[in-house]
Each structure stands twice: as structure tokens, then as C-alpha cells.
Amino acid sequence: MTDEPTAAASITVCHRGPLLIRGDFDLLDDEGNPIDAGRTTIALCRCGHSGRKPFCDGTHKRIYGTADD
Ligand code: FES
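Here's a quick rundown of the structure. (Residues numbered from 1 in each chain as written. Predicted model: local features only at pLDDT ≥ 70, side-chain atom pairs only at ≥ 80, totals over all residues. Heavy atoms only, no water.)

1. Focus: unusual backbone geometry
- Cis geometry marks the peptide bond from K53 to P54; its omega dihedral reads 10°.
- Take P54: it is sitting in the loop between β3 (41–44) and α1 (59–64).
- Non-glycine residue R16 carries a positive phi angle of around 55°.
- Along the chain, R16 falls in the loop between β1 (9–13) and β2 (19–23).
- By relative accessible area, R16 is classed as partly exposed at 32%. (Helix = DSSP H or I, 4+ residues; strand = E, 2+ residues; numbered from the N terminus. Buried < 20%, exposed > 50% of the residue type's maximum accessible area, 1.4 Å probe, protein only.)

Written as C-alpha cells, this is what we have:
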């Protein structure tokens with residue numbers, strides 16, 4: 001990363017992996033109900049294979065390999 005984020009939250013798209021959300025954010029389900037993220041940095045699954053959606057559980061590594069593959 002070249003610059004510090006200026007927004008309240010930042011979203012990092014991980015190669016073959018999750019979206020990393022850092023900062024002050026609200027996480028809501030598809031009906032607008034809050035989901036307790038429990039922390040200020042979370043990884044949201046974008047591969048669709050996590051066993052604990054919406055959070056990443058690392059399954060993407062088994063499916064797509066690591067970023068170095
Ligand atoms: S992105 Fe990690 S399990 Fe889907």
C-alpha cells in the first residue's frame with residue numbers, strides 16, 4: 001500500500017482471496033440486519049465456498065491455490 005487510507009474504512013481485494021475490510025464499518029445481512037463482525041478488520045468471502053459466510057474461512061486457498069501459485 002502506498003498511502004494511508006483517508007476513508008473511515010478501507011477494502012482490500014486479495015488476489016484469489018477475500019475482501020479485507022478495515023476500519024469503522026457496519027456489516028449488514030441482505031435484509032439490513034446488523035451482523036456482529038466482532039472486530040475492526042474482517043475478511044469477507046468472495047469465492048462463495050466458505051463454510052462460515054459471509055466471512056472467509058480460508059477455503060479459497062484449497063480451491064484457487066495461494067497468491068503465489
Ligand atoms: S474467499 Fe476465502 S473462503 Fe471464500
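2. With respect to the pairing of β3
- Burial of the side chains of β3 is restricted to one face: I42 and L44 are buried, whereas none of T41 and A43 on the reverse face is.
- Sheet analysis places β2 next to β3, joined by four bridges and oriented antiparallel. Residue pairing for β3: L19 is matched across the bridge by L44. (Pairing = 2+ DSSP bridges.)

3. Quick word on the pairing of β1
- Note: β1 against β2, five bridges, orientation antiparallel. In the sheet register, I11 faces β2, and the bridge partner there is I21.
- The hairpin turn running from β1 into β2, its antiparallel successor, is five residues long, and R16 in that turn takes a positive phi close to 55°.

4. A closer look at the sheet that holds β3
- Read across the sheet, three strands follow the order β1-β2-β3 without closing on themselves; strand pairing throughout is antiparallel. Edge strands, defined here as strands with exactly one partner in the open sheet, are β1 and β3. The average angle at which neighbouring strand axes cross in this sheet is 20°, direction not considered. (Axes fitted to C-alpha atoms, helices over the stretch in contact; angles between N-to-C directions.)

5. A closer look at the side chain of S50
- As for its placement among the helices and strands, S50 is situated in the loop between β3 and α1.
- Within the local environment of S50, its side chain forms a polar contact with the backbone oxygen of F55, the two atoms lying 2.5 Å apart.
- Of note is the side chain of S50, whose polar atom sits 3.5 Å from the backbone nitrogen of D57.
- Not counting the four nearest positions on each side in its chain, S50 is found in contact with C45, F55, C56, D57 and T59. (Polar contact = N/O pair within 3.5 Å; in protein donor to acceptor, adjacent residues only side chain to side chain. Contact = heavy atoms within 4.5 Å.)

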